[in-house]
Amino acid sequence: MRDIAVGDSVVGLDGDAHRVLGVYPQGIQDIYKVSFTDGATVRCTSDHLWSVYDKGCAHPDDLVIRSTSEIAQSVTMSNA
């Protein structure tokens, strides 16, 4: 994460590449490896925000915003 710089490309929510417009140092934080059912992985901090479907929500077909730490409280975690 420390290597991301203005002008780099990252993959956005839409799956397309987007240029980094700004970098705002957050200090030293723990980094977590998140694995998905399709085999993809990503590394992020506990406060990274995700758009997800929350089946426990009143409108389960609507996207909601959850942090990594909020999601981690409700899913099975692995030390792999």
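Note that the coordinates shown come from a computational prediction; the quantities given were computed from them, not determined experimentally. (Residues numbered from 1 in each chain as written. Predicted model: local features only at pLDDT ≥ 70, side-chain atom pairs only at ≥ 80, totals over all residues. Heavy atoms only, no water.)

(A) Highlighting the overall build of the chain. Secondary structure assignment for the chain yields 1 helix and 6 strands. The C-alpha extent of the chain, read off along each of the three principal axes, is 40 × 30 × 25 Å. Considering the chain as a whole, with its 80 residues, one finds that 10% of them fall into the buried category. Accessible surface, the chain: about 7000 Å² in total, of which carbon and sulfur atoms supply 53%. With 6 positive and 11 negative side-chain charges, the chain shows a spacing of 7 Å between the two charge centroids. (Helix = DSSP H or I, 4+ residues; strand = E, 2+ residues; numbered from the N terminus. Buried < 20%, exposed > 50% of the residue type's maximum accessible area, 1.4 Å probe, protein only. Areas by Shrake-Rupley, 256 points an atom, 1.4 Å probe, with all protein chains shown as cover. Lys, Arg positive; Asp, Glu negative; His and termini not counted. Charge placed at Lys NZ, Arg CZ, Asp CG, Glu CD.)

(B) Spotlight on the pattern of salt bridges. Under the definition given, this model contains 1 salt bridge. For D54, the salt bridge goes to R66, with nearest N and O atoms at 2.7 Å. Residue D54 is located in the loop between strand 5 (49-53) and strand 6 (63-67), and its partner R66 is located in strand 6; the two are separated by 12 residues in the primary sequence. On the accessibility criterion, R66 (26% relative accessible area) is partly exposed. (Salt bridge = Lys/Arg side-chain N within 4 Å of Asp/Glu carboxyl O.)

(C) Expanded view of the layout of surface pockets. Of the volumes computed, that of the largest pocket is approximately 1100 Å³. Lining of the largest pocket is provided by 25 residues; of these, M1, R2, I4, T45 and H48 occupy positions nearest its centre. Of all the secondary-structure elements, those providing two or more residues to the lining of the largest pocket are strand 1 (9-11) and strand 4 (41-44). For the lining of the largest pocket, the leading source of residues is strand 4, giving 3 residues. In terms of residue class, the lining of the largest pocket is built from 14 nonpolar, 6 polar and 5 charged. (1 Å grid on protein atoms, 1.4 Å probe; cavity = no way out; pocket = protein on both sides within 12 Å on 5 of 7 lines; lining within 4 Å. Points joined across faces, edges and corners; volume = space filled by probe spheres on them. Nonpolar A, V, L, I, M, F, W, Y, C, P; charged D, E, K, R; others polar.)

(D) Expanded view of the pairing of strand 4. Of the strand pairs in this sheet, strand 3 (residues 32-35) and strand 4 are connected by 4 bridges, and their pairing is antiparallel. Note that in strand 4 the partner of Y32 across the bridge is C44. (Pairing = 2+ DSSP bridges.)

(E) Geometry of the side chain of T68. Relative to the assigned elements, T68 resides in helix 1 (residues 68-72). Residue classification places T68 among the buried positions, given a relative accessible area of 9%. One polar contact links T68 to W50, side chain to side chain, over a distance of 2.8 Å. (Polar contact = N/O pair within 3.5 Å; in protein donor to acceptor, adjacent residues only side chain to side chain.)

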